[in-house]
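Fold and geometry: a report
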Amino acid sequence: MATPKPRVKVPKKASKGEVITIKTLISHPMESGQRKDKEGNLIPRQIINTFKCEFDGQLVFECDMDPAVSANPYMEFNAKVENSGTFKFTWVDDDGSIYESENKITVE
Amino acid sequence: MTFNRRQVFGLTAGAAAFLAVAPRISFAATEDTEAAIKAFTGGAEPVEGTITLDTPEIAENGNTVPVGVSVESPMTADNYVESVLILAEGNPSPAVATFHFTALSGAAEAKTRIRLAKTQNVIAVAKMNDGSTFIDRKEVKVTIGGCGG
Amino acid sequence: MARSYKLSIAAGAAFVLGAQCAAIAGGPSDDKLVIDEEMEIMTRVAPPEGHPLDEVISGWHYRTEETRDLEADSFQNPGMLYVERGEEIWNTVEGDAGKSCASCHGDGEEFLKGIGANYPKWNAKAGKPFNIELQINACREENMQAKPYKFDAADQKALTTFIKHQSFGMPVEVDLTEGDMKAWWDKGEELYYTRTGQLNLSCATCHEDYNGNYIRADHLSQGNVNGFPTYRLKQSAMVSLHNRFRGCIRDTRAAFPPAFSDDLMALEVYVTWRGTGLAVETPAVRQ
């Protein structure tokens, strides 16, 4: 598996107090732990279990994921922006790996 | 190239393994669903309304089913939606995801894509910061493919 | 009074049900494929000369609204993850010659524009048609001195997806005048109409005679290949054309030929021709 790479869509600009829509997608098989390989052995679970969005250090949105979230997990949610700043997105893998992305937004 | 029975199963292992176990434990899953709702609400019976779950009536494939939730709320510092629990009653394990919102979320709305083992109810439960809880339920028909299934 | 009221509700319900069934069974959708509400994609075109159907229609029209929407949003389309991965591979050095694809061809987005829309293509040296996967493997062996990809290796699918995507929106057109392409087309046509397997089905049975109808819950398309490699919801991953060919043949319960064998290459030439004029949709999203 190539290292999961996040894709994030955040508007570059917004007006003060605007509620913006954020979309994120990350490549990951989300192995459910219920499938079997060709020899009939259970393939161990390995999923992204947590996704988090913060704005300048403050939590905006978080999601706990179970194996029923589809492969290449997609998240769409909102954020209210009052000032320019940086969004930080974090995905936590069952194996402890952390995948991150940062996006700046200018509020006029 | 020859193709034996074992390989046929191997190739469809993903869907087959998922589907094969579902009917056997569907009764338990419903109990699990009730237990998960109770654990989330702290024992309270959630009320219908305020939360809307958006799902397709028919899912072309159970592996990727779009779901969305939206909860009516001003989303201010003292009146907001804390979290929304998503459950799939007919899956081997009903837990799907839990969304956590804050006043910075601006709106209590989220969308994702989920796996459904078979035709079943998807359930969304919202918990507000004052402890009140709301529920919505939608049935999603999961179709099986052509000759390959 | 109460009784007639009930009756009229029942009649209304029957009407609604009837209308729904008609909508479901009514062949391809009337929707238009517009990517990100900006770029319209040619999904219905007039057939090339000698084509058996009146109109060539992309498989996109046969999917449910949710699946169609997923392809129409270039951010949400999970296939785009593989386009990005493919671009990384394009720029990554591999093999004893110390080269990447970019070492010879330069910027992928620039060099590859329109190329994928004209594959498969006659390869004089090999004396047979080459698809993108065969061309990549030839390049790897001859120029990069790297091992060829095994069929359906993750990197093979991602790189093929990236290459084909550089022709996104451009019309499919295969050159049948080069080399022996016409003979391969003839062979492909013969295979297309040959019934095989325990179910005794040919490609034409489902995709020519019964397209727009259902086989169990599956809405049969014309089987065009302009969206391959395609993101399939069932696998939640990219599916190559030869994987789909083999899957279809397997489903007729026949023994299926190896990927890139002469039979499947002939079929690729012929089936690609059947979709002449449709825009490249790679990565398309299918069920």
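Look a little higher up for the structure.
In this numbering scheme, every chain counts its residues from 1 along its sequence in written order. Whichever chain is written first is A, and whichever ligand is written first is 1; the rest continue in order. The predicted nature of this model means local features are confined to residues of pLDDT at least 70 and side-chain atom pairs, given and counted, to a pLDDT of 80 or more, with totals for whole chains, interfaces and linings taken over all residues. As a convention, hydrogens and water are excluded, and side-chain values are obtained from all of the structure's heavy atoms.

Some words on the overall build of chain C
Here is the rule: Each helix is a run of H or I in the DSSP string that is no shorter than four residues. Each strand is a run of E no shorter than two, and both are numbered from the N terminus. The globule rule used here is 2.2 Å times the number of residues to the 0.38 power, and the radius of gyration it is set against is calculated over C-alpha atoms. For the exposure calls, accessible area comes from a 1.4 Å probe over protein chains only, and a residue counts as buried if that area is under 20% of its type's maximum, exposed if over 50%, partly exposed in between. By definition in these notes, contact holds between two residues if any of their heavy atoms fall within 4.5 Å. Using a 1.4 Å probe, the Shrake-Rupley method yields the accessible areas, and only the shown protein chains count as cover for residues. In this tally Asp and Glu are treated as negative and Lys and Arg as positive; neither His nor the chain ends contributes. To locate a charge, take NZ of a lysine, CZ of an arginine, CG of an aspartate or CD of a glutamate.
Assigned secondary structure in chain C consists of 11 helices and 11 strands. Relative to a compact globule of 287 residues, whose C-alpha radius of gyration would be 19 Å, chain C shows 21 Å and is just as compact. Along the first, second and third principal axes, the C-alpha atoms of chain C reach 90 × 40 × 35 Å. Burial analysis of chain C (287 residues in total) assigns 52% to the buried set. Across chain C, every contact between residues at least 6 apart in sequence was considered, and the portion connecting residues at least 24 apart equals 69%. Carbon and sulfur atoms form 52% of the exposed surface of chain C, whose accessible area is close to 13500 Å². Positive and negative charge centroids in chain C, built from 29 and 42 side chains respectively, lie 8 Å apart.

Here we look at the pairing of strand β2 (residues 51–54) of chain B
All names here are of chain B. What counts here: Strands are labelled as partners when DSSP assigns at least two bridges between them.
The alternating pattern of β2 places Ile51 and Leu53 on a buried face and Thr52 and Asp54 on a face that is not buried. Where β2 lies against strand β4 (residues 65–71), four bridges are found, and the strand directions are antiparallel. Across the sheet, residue Asp54 finds its bridge partner in β4, namely Gly68.

Description of the interface of chain A and chain B
By a widely used convention, the size of an interface equals the accessible area lost when the partners come together. Operational definition: Summed over both partners, the accessible surface that disappears when two parts come together, traced with a 1.4 Å probe, is what is meant by buried area. A pairing counts as a salt bridge when a side-chain nitrogen of Lys or Arg comes within 4 Å of a carboxyl oxygen of Asp or Glu. Any pair of N or O atoms that falls within 3.5 Å is considered a polar contact. Within protein, one atom must be able to donate a hydrogen and the other to accept it, and sequence-neighbouring residues count only if both atoms are side-chain atoms.
Contact with chain A, which involves 30 residues of that partner, is made by 29 residues of chain B. Together chain A and chain B conceal approximately 2500 Å² of surface at their shared face, both sides included; 51% is due to carbon and sulfur atoms. When the area that chain A buries against chain B is broken down by residue, the three leading residues are Gln34, Ala68 and Ser70 of chain A, summing to 22%. At the junction of chain A with chain B, the criterion picks out one salt bridge. The salt bridge involving Glu76 of chain A is made with Lys111 of chain B; its shortest N-O contact spans 3.6 Å. For the interface between chain A and chain B, the tally reads 18 residue pairs in polar contact (both at pLDDT 80 or more).

Describing the interface of chain A and chain C
Across the boundary between the two partners, chain A contributes 14 residues, which contact 14 residues of chain C. Both faces combined, the contact of chain A with chain C buries some 1200 Å², and carbon together with sulfur accounts for 57% of it. Considering only the side of chain A, the residues that lose the most area to chain C are Lys5, Arg7 and Asn72 of chain A, jointly responsible for 48% of the buried surface there. At the surface where chain A touches chain C, the tally comes to three salt bridges. The salt bridge involving Asp73 of chain C is made with Lys23 of chain A; its shortest N-O contact spans 3.1 Å. Summed over the shared surface of chain A and chain C, the result is eight residue pairs in polar contact (both at pLDDT 80 or more).

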